[in-house]
Amino acid sequence: MRSIAGAAVEIVVVFLLLSAPDLFLHYKGFAIHPFVKKEYFLTIGIFSVLFALSAGTWFRMAVIVLILLNQTIWLCSLVYFGAPLTPEQVQLFFSDTADSVTTGAHIESQFVMPLLTALAPAVLLGLISIFRPFRGSRSAVFSVVLALALVGVVARWSVHGLPAAIQAGSYSASATAATNVGVLAMRETEVAAPPSSLNPLADHTIAPVPVPEGKATVVMVMGESINPARLSIFGWKRATTPGLAHFLNAPPPGWHMMAKIGFSGGVATLASVPSALRLVYFPNLPDRQPMNIFDVANTGDFKSYYYSAQAITTMQIAGGARHVLEEKTVETYDEKAKMSPEELLAEDVKGVPPAPRRFIYVHQRADHEPYLDNCKKYVGDFRTFEAPDDSDDEARRARYDTGLQCWDRSTSDIIQAFLGEKDPVYVFVTSDHNELMGEGGYWGHLIRHLPTAVVPVILMTNRPDSAIAAEFQRMDRPTQFQLMQLVAEAMGSGVNVKQYDPSIFYVNGTMPFGRAKYMEVEKLPGDRYRVSHFSSDATPAEPSETVSLESMPKDAVVPVVQSAMLHPGGSLAH
């Protein structure tokens, strides 16, 4: 009887220790709600029973380390992003979560609380395992069952695709949520295709259109994590974009810049960039479509070049940079070079040889977290913005705003490379997604929330009276699909899709092609938007909501008075 009572006490102790971080952060006001759903009790209860009755000190220590890692990842994500970890974030680990970990390791006092919150229960569980106050009821059988249970969750999901583990969310146990996220992320790669009835929505129709003057240089600059509300060209109080402000206020003779705020096609790089390059309207497995923007360029006899400060993954998902004469990604850049890949982008663009028709795609890395690590050579030219107080939030905003100068410098130097051209030049600049700085309580990206897709959309051209420029000027809150249509049009192809509705656009979640849910956004009067959430099979996922952008400017604030001069060599001084 004493043995059974001791085991019961230890089960209760383990349950409380595993729940303690959730309860603590709930009390601190974070979006986590333990003891709300039966899945919480089921998951953490079974885990507590098996752990409390398992034998083998080293085995239990290994499990405790797993618990610590799970809780650290989940709790730090909750604090850093303002929202619980989602399944697809695990798949984005190397490009997103790894940077968050790096950022936390370097600096943040805001990471101290979740780290200590995860560490305390792990230490107490470790002490229980070492001193074994209730060791009489432990058995190696329960150790084997616990190991099999963890493996079984993965196996069951793999074989049957059934919800053997709860989905990560505000109600899940942080001690096991990251494990479940990993399982769900693996399943996410095997999601069944949406119903075939949706296929017509993904069919492109392509018609040839004249290339202005028969020749042109078309440049597509895809930025990273750019929050347009924090760009000084749109009225932000800090001089975060002095280079672009120079081009807006005092462009070279014959040149003109137009800057707007519109929408990307996703809330993560992996979600939006493949959709942009595939010219996606409806996110219905466009991987079935063989076309991408490089095929459009090839059809128009444009010589193509691809330069990216990011990994090759997004390009591979988009079907590859076919027909390009030169291709570079972060894997091909020298990590020991004096300049970072971000800074080398402009150097590569300057090296593109002259040709009557050229298409150059540039994928930047700034201003992704860690915000100050993307530029090496330029950093001495930047103004370091200081936080107005000692809060972690303001310190993060100040670092982000400082990092925006890296993006501004990179973008300005890319534009600078074409200012001597006499033939038509169209430089399109946008971003893969926003980087929220506390708006609505959210931070960073990877959040399926329409403001995460609000981005700058810019055109710099030496043909301000062209049809391309006129069409860009007419755009009101341009969407990613509309922008890519214009890029294609500049290269001689009119691209559309069946059942296109200009009053509706779509935004992916954290995975491309609607695999991690997507948003259908309907434009309403007064710069308001009705947002409906759908699962990958096009079934409703969550209640619709209405989002207003009335307080956000639509176009650049001109004139913008900021210091931006030209170096003797022709590049911009910041």
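Small disclaimer: the values here were computed from a predicted structure and weren't measured. (Residues numbered from 1 in each chain as written. Predicted model: local features only at pLDDT ≥ 70, side-chain atom pairs only at ≥ 80, totals over all residues. Heavy atoms only, no water.)

Observations concerning the packing of helix H9 (residues 242–249) against helix H14 (residues 392–416)
The geometry of H9 relative to H14 is characterised by a closest axis approach of 7 Å and an angle of 45° between their N-to-C directions. Relative to H14, the element H9 lies oblique. For the pair H9 and H14, contact is made by Pro242, Gly243, Leu244 and Phe247 and by Trp407, Asp408, Thr411, Ser412, Ile415 and Gln416, respectively. Of the residues belonging to the contact of H9 with H14, the class tally is five nonpolar, four polar and one charged. (Axes fitted to C-alpha atoms, helices over the stretch in contact; angles between N-to-C directions. Helix = DSSP H or I, 4+ residues; strand = E, 2+ residues; numbered from the N terminus. Parallel < 35°, antiparallel > 145°, perpendicular 65-115°, else oblique. Contact = heavy atoms within 4.5 Å. Nonpolar A, V, L, I, M, F, W, Y, C, P; charged D, E, K, R; others polar.)

Focus: the confidence of the model for the protein
Scored by pLDDT, the protein comes out at a mean of 82, with 80% of its residues at no less than 70. Note on residues 563–574: pLDDT is under 50 here. Beyond four places in sequence and across chains, it has 32 contacts. (pLDDT = per-residue confidence, 0-100.)

What to know about unusual backbone geometry
Look at the link from Ala366 to Asp367: it is a cis peptide, with omega at 15°. Looking at where Asp367 falls in the secondary structure, it is placed in the loop between strand E6 (357–363) and H14. In this model, Asp301 sits at a positive phi of 60°, which is unusual for a non-glycine residue. Mapped onto the fold, Asp301 is located in the loop between helix H11 (293–299) and strand E4 (303–308). Even without being a glycine, His323 presents a positive backbone phi close to 75°. Position of His323 relative to the elements: it lies in the loop between helix H12 (313–317) and strand E5 (324–328).

Concerning a nonpolar patch on the surface
Where nonpolar side chains cluster on the molecular surface, the patch consists of Val112, Leu116, Leu119, Val123, Leu124, Leu127, Ile130 and Phe131 and spans about 730 Å² of accessible area. Residue position: Leu127 is located in helix H6 (residues 112–131). (Patch = residues over 30% accessible without salt bridge, like charges linked within 9 Å, V, L, I, M, F, W, Y side chains within 5 Å. Areas by Shrake-Rupley, 256 points an atom, 1.4 Å probe, with all protein chains shown as cover. Salt bridge = Lys/Arg side-chain N within 4 Å of Asp/Glu carboxyl O.)

Notes on the pattern of salt bridges
The full count for this structure, using the stated rule, is 18 salt bridges. Residue Arg60 is joined to Glu10 by a salt bridge in which the shortest nitrogen-to-oxygen separation is 3.1 Å. Residue Arg60 is found in helix H3 (residues 57–81), and its partner Glu10 is found in helix H1 (residues 2–27); the two are separated by 50 residues along the sequence. This pair shows no difference in class: Arg60 is buried, exactly as Glu10 is. Arg477 serves as the salt-bridge partner of Asp527, at 2.7 Å between the closest nitrogen and oxygen. Of this pair, Asp527 sits in the loop between strand E13 (518–524) and strand E14 (528–534) while Arg477 sits in the loop between helix H15 (467–474) and helix H16 (480–490), and the two are 50 residues apart along the sequence. (Buried < 20%, exposed > 50% of the residue type's maximum accessible area, 1.4 Å probe, protein only.)

Considering the side chain of Ser275
Examined against the element boundaries, Ser275 turns out to sit in helix H10 (residues 269–277). At 2.9 Å, the side chain of Ser275 forms a polar contact with the side chain of Asn508. If we skip the residues at most four places from it in the chain, Ser275 touches Val280, Gln480, Asn508 and Phe513. (Polar contact = N/O pair within 3.5 Å; in protein donor to acceptor, adjacent residues only side chain to side chain.)

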